[in-house]
Each structure stands twice: as C-alpha cells, then as structure tokens.
Amino acid sequence: MKITSVEFIKSAVWPPQYPPATLPEVAFVGRSNVGKSSLINTLVGRKNLAKTSNTPGRTQLINFFAINEKFSFVDLPGYGFAKVPQSVKKDWGDMMEAYLKERQSLCLVVFILDIRRDPNADDLSLRDWLEHYRTPYLYVLTKTDKLSNNQAIARKRTIEKTLQVSPEKKPILFSAKTQKGKTDIWDFLKNHLASLPAGKP
C-alpha cells in the first residue's frame, strides 16, 4: 500500500480520552520487547513514528495514528516481563482490556509474537480473550532474521501448536531488518479493511 500520510492523533489511557471513533482501527499488541514499534514503523515507512526502546515496558500509553486519513493504527502498551511494579502492570492490563473490549471502531488486532520465544501465559490469555469476544486478529511472528529458514519453520510450527492455530489464522513471518512479510501483512490489512461493512468504523 502506498502511504501518503501518517499523522499522530493523540495518546490516551482511558476511553474518555480516546479520539472520536471515526476511522476503522487496527490495534497492535504483544509482549514487551517483541518488536511491535519496529513493525509499525516498517509498515508505514517511518523510522520513529512508534518509539522503539531496548528497555521493555517503555510504551505506557495507547497511541493513535491516522494512516492516509482512511484508517488508524493503534499502538497498545506491551505486556509481560517488563521490570515495572505489579500495580503498574495491573493498570496496563486494565487499560488494554478497556480498549479492546469497548472500542467500537476496532476492526482488527495484530497479535505480535517473537518467533524465538514460546507463547507464555499472557499470550494465551490474550488469545482466549480475542476468541471469546470474537475480535478478528492476525498473528505476526517477528525477528525472523535471527533464525535460519529451517529454524523459522520449526519455530512457527511449535508456536502454532502451542496456540492451537486454526488454518485460517496462519501467522505471517516478519523481519523489520529485511522487511520480510511487509507485503503479506499489507495485503491482509487491505483485504480486511475492504471487507468491512460500508459506513463502519
């Protein structure tokens, strides 16, 4: 997809602070340090749109970006092993759940996993939550450049087995370094956005 405009809309914590729900929203979610910001930046061709950090847990707000004035990317806080107080982790969980449960304009969740790591309890809980509320989602396995092709295939199979991935939810392999998977992700997003009912966000 040709990106003609990318605009930061605002950061928010709770629903009253969200921007108006006028555009379909694609939310990006994953464990801390999974490569979420790098994925967003690669997709839109901007180096520093979403802030990247070597320190897990730096993104503590929900960040909204308008893409081509037609849809939005929403960068959700990372979860999992960030070295933060338990009270902060609980706040993050509540913040994420409020968005995922209540946001009417949410049309897809990009569920990001590091291909080198086994899904943990937080990943499985998110999968169960998305299934329960019938929220459409796409698995993306990042950092594939760290492995050989054979290793990546083996890891993909292991992750699919752990998550009990159905045939229609096969993960897309991605590398921010080589841009592997970028076209496949955009093809999926374009088809999904085109399939939305007219007038929805």
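Small disclaimer: the values here were computed from a predicted structure and weren't measured.

Note that serine 105 resides in the loop between helix H2 (86-102) and strand S5 (106-114). Exposure remark for serine 105: the relative accessible area of 1% places this residue in the buried category. Side chain to side chain, serine 105 and arginine 103 meet in a polar contact 3.2 Å long.

Right, let's get into the sheet that holds strand S6 (residues 137-142). Reading across from one edge, S1-S3-S4-S2-S5-S6-S7 is the order of the seven strands in this open sheet, with mixed pairing throughout. Whereas interior strands pair on both sides, the edge strands pair on one side only; in this sheet they are strand S1 (6-12) and strand S7 (172-173). By the bridge criterion, six bridges tie S1 to strand S3 (residues 62-67) in an arrangement that is antiparallel. Within S3, the residue paired with lysine 10 across the bridge is phenylalanine 64.

Right, let's talk about the packing of aromatic side chains for a bit. This model, assessed by the stated rule, comprises twelve aromatic pairs. With centroids separated by 6.2 Å and ring planes inclined at 70°, the aromatic side chains of phenylalanine 64 and tyrosine 99 adopt a geometry described as edge-to-face. Of the two residues, phenylalanine 64 sits in strand S3 while tyrosine 99 sits in helix H2, which places them 35 residues apart along the sequence. Overall, the relative accessible area of 0% leaves phenylalanine 64 in the buried class. Judged by relative accessible area, tyrosine 99 falls into the buried class, the value being 0%. Chaining the aromatic ring pairs together yields one cluster made of Phe28, Phe71, Phe73 and Trp186. Directly above the aromatic system of tyrosine 137 lies the positively charged group of lysine 169, at a separation of 4.7 Å from the ring centroid.

A complete count under the given rule lists eleven salt bridges for this structure. In this structure, the salt-bridge partner of aspartate 114 is arginine 116, at a minimum N-O distance of 2.9 Å. Connected through shared salt-bridge partners, Asp114, Arg116, Arg117 and Lys143 make up one network.

Before going further, it helps to examine unusual backbone geometry. Residue asparagine 68 is not a glycine yet carries a positive backbone phi of 55°. Tracing the backbone through its elements, the reader meets asparagine 68 in the loop between S3 and strand S4 (71-75). We note that glutamine 164 has phi near 55°; this positive angle belongs to a residue other than glycine. Along the chain, glutamine 164 falls in the loop between helix H4 (149-163) and S7. Assessed through its relative accessible area of 66%, glutamine 164 is described here as exposed.

This part covers the confidence of the model for the protein chain. In low-pLDDT segments, the atomic positions of the prediction should not be examined closely. Averaged over the protein chain, the pLDDT score is 88; the fraction of residues at 70 or greater is 90%. A low-confidence stretch, residues 53-58 (pLDDT under 50), is modelled with ten contacts involving residues beyond four sequence positions or located in other chains.

Our focus in this paragraph is the pairing of S4. For a regular strand, side chains alternate in direction, first toward one face of the sheet and then toward the other. Of all five residues making up S4, five are buried, and the element is well covered by its neighbours. Looking at chain direction, strand S2 (residues 25-30) and S4 are connected through four bridges and run parallel. Across the sheet, valine 26 pairs through a bridge with phenylalanine 73, a residue of S4. Bridge count between S3 and S4: five bridges; the pairing is antiparallel. Within the sheet, the bridge partner assigned to asparagine 63 lies in S4 and is aspartate 75. Taking the residues that link successive antiparallel strands as the turn, the S3-S4 hairpin has three residues, and the phi of asparagine 68 there is positive, at about 55°.

Analysis parameters
Residues numbered from 1 in each chain as written. Predicted model: local features only at pLDDT ≥ 70, side-chain atom pairs only at ≥ 80, totals over all residues. Heavy atoms only, no water. Helix = DSSP H or I, 4+ residues; strand = E, 2+ residues; numbered from the N terminus. Buried < 20%, exposed > 50% of the residue type's maximum accessible area, 1.4 Å probe, protein only. Polar contact = N/O pair within 3.5 Å; in protein donor to acceptor, adjacent residues only side chain to side chain. Pairing = 2+ DSSP bridges. Phe/Tyr/Trp six-rings, centres within 6.5 Å; stacked < 30°, edge-to-face > 60°. Lys NZ or Arg CZ within 6 Å of the ring centre and 35° of its normal. Salt bridge = Lys/Arg side-chain N within 4 Å of Asp/Glu carboxyl O. pLDDT = per-residue confidence, 0-100. Contact = heavy atoms within 4.5 Å.

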